[in-house]
Amino acid sequence: MPQTFVPPKGPRNAPYSFVGEQPDRVEIRKREPFVGPAGENLHECLHAASILWSDCYRTNTFKDLDYPL
C-alpha cells in the first residue's frame, strides 16, 4: 500500500457520510480524510448543525493523491 493512501474513518453504520474527491497533503500526512482545510470548514458546519464528528463516516472517492486509480 502506498504511503499516500488515506483510509476511510468513522463507523460504517454512521448516520452521516461525507465523500471527498481525493486527499490533500495534510490528509496524507495525518492519514485521515477531512482533516485539512476542507475538513476545518466541515467541522464548523457540523458544529453549527449540532452533528458530532464521531457520527460521521468520512472517505474520498480516490483514496490516494499520487495514484488516483
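Just so it is clear, the structure is predicted and the values come from calculations on it, not from any experiment.

**Regarding the overall build of the protein chain**
- A count of helices and strands for the protein chain gives 2 helices and 2 strands.
- N-terminal to C-terminal, the α/β element order of the protein chain is β-α-α-β.
- The globule rule puts the C-alpha radius of gyration for 69 residues at 11 Å, and the 12 Å found for the protein chain is close to it.
- If one aligns the C-alpha atoms of the protein chain with their principal axes, the spans along those axes are about 35 × 25 × 15 Å.
- The buried share of the protein chain, taken over its 69 residues, is 32%.
- Contacts in the protein chain between residues far apart in sequence, at least 24 positions, make up 76% of those at least 6 positions apart.
- Of the roughly 4700 Å² that the protein chain leaves accessible, carbon and sulfur atoms contribute 54%.

**Some details on the nonpolar core**
- One finds F34, L42, L46, I51, W53 and C56 forming the largest nonpolar core, which totals 6 residues.
- Among all residues touching C56, those that are not within four sequence positions of it are K9, G10, P11, A14, Y16, F18, L46 and I51.

**Remarks on helix α2 (residues 37-48)**
- In this model, α2 (12 residues) spans 17 Å end to end at C-alpha, consistent with the 16 Å of a helix rising 1.5 Å per residue.
- For α2, the elements touching its buried residues are β1 (16-20) and β2 (56-60).
- Looking one or two places after α2, you find S50, whose phi comes out positive at around 55°.

**Thoughts on the side chain of E27**
- Among the secondary structure elements, E27 is positioned in helix α1 (residues 25-30).
- A polar contact is formed between the side chain of E27 and the backbone nitrogen of F34, at a distance of 2.6 Å.
- When residues no more than four places from it in sequence are discounted, the contact partners of E27 are V6, Q22, E32, P33, F34, V35, G36 and N60.

Here is what the cut-offs are and how they apply
Residues numbered from 1 in each chain as written. Predicted model: local features only at pLDDT ≥ 70, side-chain atom pairs only at ≥ 80, totals over all residues. Heavy atoms only, no water. Helix = DSSP H or I, 4+ residues; strand = E, 2+ residues; numbered from the N terminus. Rg over C-alpha atoms; globule rule 2.2 N^0.38 Å. Buried < 20%, exposed > 50% of the residue type's maximum accessible area, 1.4 Å probe, protein only. Contact = heavy atoms within 4.5 Å. Areas by Shrake-Rupley, 256 points an atom, 1.4 Å probe, with all protein chains shown as cover. Core = buried A, V, L, I, M, F, W, Y, C linked by side-chain atoms within 4.5 Å. Expected span 1.5 Å × (residues − 1). Polar contact = N/O pair within 3.5 Å; in protein donor to acceptor, adjacent residues only side chain to side chain.

No statement about biological role is implied by the geometric values presented.
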